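Structural description and commentary
If you want the building blocks of each chain, they are given just below.
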Amino acid sequence: MNREELMNILPHRDNMLLLDEAEVIDGRAHGRKYITGDEFFLKGHFPGNPIVPGVILCEIMAQSTCVLIGGGLSGSVRTLFTGLNDVRFKRSVRPGELFTTVCEIEKSKGPFYWAKGKGFVGGELCVSASFSFAVFPEKETGNA
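Each value, and the rule that gives it
Residues numbered from 1 in each chain as written. Predicted model: local features only at pLDDT ≥ 70, side-chain atom pairs only at ≥ 80, totals over all residues. Heavy atoms only, no water. Salt bridge = Lys/Arg side-chain N within 4 Å of Asp/Glu carboxyl O. Buried < 20%, exposed > 50% of the residue type's maximum accessible area, 1.4 Å probe, protein only. Pairing = 2+ DSSP bridges. Helix = DSSP H or I, 4+ residues; strand = E, 2+ residues; numbered from the N terminus. Axes fitted to C-alpha atoms, helices over the stretch in contact; angles between N-to-C directions.

Moving on, we get to the pattern of salt bridges. Taken as a whole and judged by the stated rule, the model has eight salt bridges. Between R32 and E23 there is a salt bridge; the shortest N-O distance is 3.5 Å. Taking relative accessible area as the criterion, E23 reaches 33% and is therefore assigned partly exposed.

Following this line, the structure appears as structure tokens:
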């Protein structure tokens, strides 16, 4: 999926749509984000030595996972983070690098989903985490 196709599943727009591409292979979401150096989160993190903030790496993994969740549901839904656990950072991600993710759903019950993910640069592990989500029907907007 390219960015336009991702916008059919993810509600994120503008600077907060952090995936460039994603695909589902064998029940796992594989996401890609090329770090150009122009991203808003690099402007002050850190001057002269920019690195992608860890929370942004976790958000990229979460958006990758939402491709799995959103692709398997019918109707318009909103997926929200409910937890982030066991986060481990192993390597910094810098401008000019391609950050890739591999994420999978571990279980679901009702509107709740539990997942795990890993992020890499050039096959080298950068971050791993477990996270959870709640899925809610999207509320209609407009005049009725």
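Turning our attention to the sheet that holds strand β5 (residues 112-121). With respect to topology, six strands assemble into an open sheet ordered β1-β2-β4-β5-β6-β3, the strand pairing being antiparallel. Unpaired on one side and paired on the other, β1 (21-25) and β3 (77-89) mark the two borders of the sheet. Averaged over all pairs of adjacent strands, the angle between their axes in this sheet comes to 25 degrees, without regard to strand direction. One ladder, built from 10 bridges, connects β5 with strand β6 (residues 124-137); its direction is antiparallel. Within β6, the position partnered with F112 by the bridge is A134.

Turning our attention to unusual backbone geometry. That bond from H45 to F46 is cis: its omega, 0 degrees, falls within 30 degrees of zero. Locating F46 in the fold gives a position in the loop between β2 (28-34) and α2 (54-71). Positive phi, close to 50 degrees, is recorded for D14, a residue that is not glycine. Within the secondary structure layout, D14 lies in the loop between α1 (3-6) and β1. D14 gets classed as exposed once you look at its relative accessible area, which sits at 70%. For D26, which is not glycine, the phi dihedral falls at a positive 50 degrees. For D26, the position within the fold is in the loop between β1 and β2.

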